[in-house]
Amino acid sequence: MVKLLEKDTHRVELLVHPIEGQYGTIKAYVSPILIPRTAQMVSVQIKPLSLHMRVNSFTTDERKRPMSEVKVTGAFTLSEIHAWLGGCLPEIPDKSVGDSDSYMWRNSFTKSIVSVQYKKGEAHYSSDSLPTHSIIKDYISRMATERQAKIHFSNALKEASVNHLLDLIHARCEEQFNLKQKFLLLDPIKELQVHEQDVLSFLSPDLVEIATLADEIRASFKKQQLTLDRLYGVIMDLYRSR
């Protein structure tokens, strides 16, 4: 893809919607209109669980969730398992400090959570999302195979976590349904504003809020199909993970 910028442009922003489980490196080459021609490369690594954000702790409600757990054992060092997890999950420091480490993340899209604890020869990770389990397992397996390290997985999967993830997805689907209902009300409200003076004074608080946030609602509705496609992808990943 080539993007030509207008004259005197000093800043450009590109938004990328990653799909968890798919990973690699995005490289962008920035070339100014100068003679001789030069270019600067910007490289961004997309990790398998790139939609996860590291957190310091889980909320009280999150700690009550049905969490499936996986134990990994094998002939790997602390630095190796640290590097494997760092290649899969974001915001892990380059080097491990001490004899063991533990971290927590929250998915910015589905709001599912995952935590890991690891040391030399042993790692535990738990999550309320089976697709997250599968992605971590596949990535660690691939890294271990490349290094010819023998590892073993012990699974303690909970069926309740499947229903829980579906509840999280259902909440997102309801958000999209409500968004469409608000979008369908924008034109009627606008027509009322044309024919009636001070129309907001006698509308319900909900309709006043919709009128006030009209631009934001329209912008969100334009992205609705992308959001629904991503929700469909999460459901398909869940089905394949069972």
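Here the structure is shown first, and the text comes after it.
Analysis parameters
Residues numbered from 1 in each chain as written. Predicted model: local features only at pLDDT ≥ 70, side-chain atom pairs only at ≥ 80, totals over all residues. Heavy atoms only, no water. Helix = DSSP H or I, 4+ residues; strand = E, 2+ residues; numbered from the N terminus. Buried < 20%, exposed > 50% of the residue type's maximum accessible area, 1.4 Å probe, protein only. Contact = heavy atoms within 4.5 Å. Areas by Shrake-Rupley, 256 points an atom, 1.4 Å probe, with all protein chains shown as cover. Lys, Arg positive; Asp, Glu negative; His and termini not counted. Charge placed at Lys NZ, Arg CZ, Asp CG, Glu CD. Salt bridge = Lys/Arg side-chain N within 4 Å of Asp/Glu carboxyl O. Polar contact = N/O pair within 3.5 Å; in protein donor to acceptor, adjacent residues only side chain to side chain. Core = buried A, V, L, I, M, F, W, Y, C linked by side-chain atoms within 4.5 Å.

Student: How do you make sense of the overall build of the chain when you look at a structure like this?
Tutor: Scanning the chain from terminus to terminus reveals seven helices and eight strands. A buried classification covers 34% of the 242 residues belonging to the chain. Within the chain, contacts between residues at least 6 apart in sequence are counted, and of these 68% link residues at least 24 apart. Total accessible area on the chain stands at roughly 16200 Å², and carbon and sulfur atoms take up 53% of it. Mean positive and mean negative side-chain charge positions of the chain (31 and 30 charges, respectively) differ by 8 Å.

Student: What am I meant to see in the pattern of salt bridges here?
Tutor: Note on pairing: side chains with opposite charge can pair once their charged atoms come close. The tally for this structure, following the rule as stated, stands at five salt bridges. Among the ionic pairs, Arg-65 bridges to Asp-128, the shortest N-O distance being 2.8 Å. Separated by 63 residues along the polypeptide, Arg-65 in the loop between helix H1 (60-63) and strand S4 (68-74) and Asp-128 in the loop between strand S7 (122-127) and helix H3 (130-146) bring together distant segments of the chain. We note a salt bridge from Glu-146 to Arg-142, for which the minimum N-O separation is 3.5 Å.

Student: Mind showing me how you'd approach the side chain of Ser-161 here?
Tutor: Within the element layout of this structure, Ser-161 appears in helix H4 (residues 160-195). The class for Ser-161 is buried, based on a relative accessible area of 1%. One polar contact links Ser-161 to Ser-68, side chain to side chain, over a distance of 3.1 Å. Those residues in contact with Ser-161 that sit more than four places away from it in its chain are Pro-66, Ser-68, Asp-128 and Leu-130.

Student: Looking at this structure, how should I read the nonpolar core?
Tutor: As a rule of thumb, nonpolar side chains are buried together in soluble globular proteins. In terms of nonpolar packing, the biggest core is built from 26 residues, with Ile-81, Trp-84, Leu-85, Leu-89, Val-116, Tyr-118 and Ile-136 touching the most fellow members. For this core, the element with the most residues is H3, which contributes six residues. What Tyr-118 contacts, discounting residues up to four positions off in sequence, is Leu-78, Ile-81, His-82, Leu-85, Ser-100, Asp-101, Tyr-103 and Ala-123. The next biggest cluster of nonpolar side chains, apart from the first, holds 10 residues, and it includes Leu-51, Val-162, Leu-165 and Ile-169.

Student: How should the environment of Ala-211 be read in this particular structure?
Tutor: For Ala-211, the position within the fold is in helix H5 (residues 205-212). Put simply, Ala-211 and Gly-24 are 187 residues apart on the chain and 42 Å apart in space, counted from C-alpha to C-alpha. When sequence neighbours within four positions are dropped, the list of residues in contact with Ala-211 reads Ile-189, Gln-193 and Leu-200.

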